[in-house]
Amino acid sequence: MKPNTRTDSGAVLRQVFHPPVREWQYWVIQFTVALIASLHLLNDSNHDLLGAHIPAGIPVALLIIPVGYAAVRYGLAGSAATSIWATLLWLPDLMVRHGHPSADLIDLVMIDVVAFVFGQRIESERFARSRAEQETAERIAAEESYRLLFESNRAPIIVVDASGMVLDANPAARELRESGDDLDLIRAATDGGGVISDLNGRTVRMSNGEDYRIGIVDLPTQNDGAATQLVFENVTAELGESRRATQYARLVVKVEEELRRRLARELHDEPLQLFLHLARRLESLGSKAGVPDEVSSGLDQARLHALDAANRLRVVSRDLRPPALDRLGLVPALSSLLSDVEEDTSLSTSINVSGEPRRIGADIELGAFRIIQESVNNAVKHAEARRIDVKVDFGPERLRVSIHDDGKGFALRDSADGDSPGMGLLGMRERAAILAGQLAIESTLAHGTTVRADMPIAGPLSESVADEGPGIVKAD
Ligand SMILES: Nc1ncnc2c1ncn2[C@@H]1O[C@H](COP(=O)(O)OP(=O)(O)O)[C@@H](O)[C@H]1O
Ligand SMILES: [Mg+2]
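First, a word on what this report is: a plain description of the structure on this page. (Residues numbered from 1 in each chain as written. Chains lettered and ligands numbered in written order. Predicted model: local features only at pLDDT ≥ 70, side-chain atom pairs only at ≥ 80, totals over all residues. Heavy atoms only, no water.)

**Here we look at the overall build of the protein chain**
1) Next: Across its full length, the protein chain holds 16 helices and 11 strands.
2) Next: Put simply, of all contacts in the protein chain between residues at least 6 apart along the chain, 63% involve residues at least 24 apart.
3) Next: A total of about 28,200 Å² of accessible surface is found on the protein chain, and carbon and sulfur atoms cover 58% of it. (Helix = DSSP H or I, 4+ residues; strand = E, 2+ residues; numbered from the N terminus. Contact = heavy atoms within 4.5 Å. Areas by Shrake-Rupley, 256 points an atom, 1.4 Å probe, with all protein chains shown as cover.)

In structure tokens:
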């Protein structure tokens, strides 16, 4: 606080040169000083004035009264000017009568010193008091404007202590509390050892059916207790919008998957069977007795074409909807996908399964399969890779998959996050988002690409909680 003290002393000293010349009381004091000086002069020149002898020190000592009064009333400005004025009035007497320093001179110096010290002290105190008053006024004004904002804010706001006890609530929050016991949710959430700051960004579904996002502001501590302000921002519309978008995307994917499943089945049941039947007919025709060799070899060629067509149809049908996925689950479907890749290309592949492999929700199996299928297809089509390694981790609550290729890599901004992201990469992100999961792509030029996806096995958390009614849900 040193610099402040210096500033204060400077401000105090400046007062010396600003006596309160506009105040009539000030001039009464100066007049009193002049009166005392005259009394002193008279006393010195005529000891028998009024028939009484006044001791020489008395008039000087009397100066304490106007000087002290000036100090109390005007601070240093008054006392300094008054003592200077007294000294000036005394000067002729000191020089003319004695011509050398005397007891009067010492008294005068003492009065000057007292005037300065006393005045300065009073001035400092006045200064400190006015500063404190100003600070108090500013604090009160700030508190009032905070109070006004707090009271008039349409967003519910509560102030809680470290244990989650509600210390204060604005009218919007009180209204909410009256309509249900909602704000106790906050206590319920923090009672079980939770930390209030963890609520920041969380979304709460209140019993009025609205969704609120919690914002946390730490308030300056009051009475030794930490207080936290929780602002509830109504995000019902925003969440509704994003829920609707996810719902729509989920529907689109569902319709597309349904279409793929139907197409796969129809291709498998009709044209594929027809080609197989055709191949068998051609074979039996070719092996009939009496068929010329030329015709027989032509029939055999036609039979091979029919088998090739059947095979292609089988591949298309399997790509559309791998039968192993529905019947056997994610891992067998992936093994079959990778062995097809090895068969059709010169790539080597591996699959590493960890955790507790099990059947999980059909949506999640399908979503994870599509993400891996697209990543593997990309590695085959674009990466010029030698290997593809797939990892699947069945955690207790989350399924984590990763697909790595050692190919040429690519600049992400040119694809997924750029102006024209590829449909495949977009689709993968969409699949992960629909399942309330995350997808990350890492690619380094000349070193390859890794796609990682991570999704909750129990399905989107927000949905399950929303279905059960009010509660705290994880922010998206
Ligand atoms: N594993 C990969 N290795 C190299 N480039 C890739 C890889 N995956 C994607 N890409 C690049 O990103 C682009 C976008 O991929 P994608 O969205 O799947 O579309 P598409 O496969 O239809 O081209 C690809 O055209 C390719 O240039
Ligand atoms: Mg692709």
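So much for the structure itself; the text now carries on.
**Quick look at the coordination of the magnesium ion (ligand 2)**
1) Next: Protein coordination at the magnesium ion (ligand 2) comes from Glu 374 (OE) and Asn 378 (OD1), with a distance range of 2.1 Å. Here Glu 374 and its partner Asn 378 are both found in helix α14 (residues 362-383), 4 residues apart, which amounts to about one turn of the helix. (Donors = N, O, S within 2.8 Å, 3.2 Å for Na, K, Ca; no water.)

**Section: the pattern of salt bridges**
1) Next: All chains considered together, the criterion is met by 26 salt bridges.
2) Next: As a salt-bridge pair, Glu 365 and Arg 359 come within 2.8 Å of each other at their nearest N and O atoms.
3) Next: A relative accessible area of 3% means that Glu 365 is categorised as buried.
4) Next: Each of Glu 257, Glu 258, Arg 261, Arg 321, Asp 326, Arg 370 and Arg 431 takes part in a single network of salt bridges with overlapping partners. (Salt bridge = Lys/Arg side-chain N within 4 Å of Asp/Glu carboxyl O. Buried < 20%, exposed > 50% of the residue type's maximum accessible area, 1.4 Å probe, protein only.)

**Considering the environment of Ala 81**
1) Next: As for its position among the elements, Ala 81 is in helix α5 (residues 76-98).
2) Next: Along the primary structure Ala 81 and Phe 116 are separated by 35 residues, whereas in three dimensions their C-alpha atoms are 9.6 Å apart.
3) Next: Those residues within four positions of Ala 81 in sequence are excluded, and the remaining contacts are Pro 19, Tyr 26, Gln 30 and Leu 76.

**Focus on the side chain of Asp 405**
1) Next: Looking at the secondary structure, you find Asp 405 in strand β8 (residues 398-405).
2) Next: Among buried Asp, Glu, Lys and Arg side chains, Asp 405 stands out as unpaired, with Arg 386 the closest opposite charge at 9.9 Å.
3) Next: Within the structure, the side chain of Asp 405 is placed 2.9 Å from the backbone nitrogen of Gly 407, a separation counted as a polar contact.
4) Next: If sequence neighbours within four positions are ignored, Asp 405 has contacts with Ala 379, Ala 383, Ala 385, Arg 387, Ile 388, His 447, Gly 448 and Thr 449. (Lys, Arg positive; Asp, Glu negative; His and termini not counted. Polar contact = N/O pair within 3.5 Å; in protein donor to acceptor, adjacent residues only side chain to side chain.)

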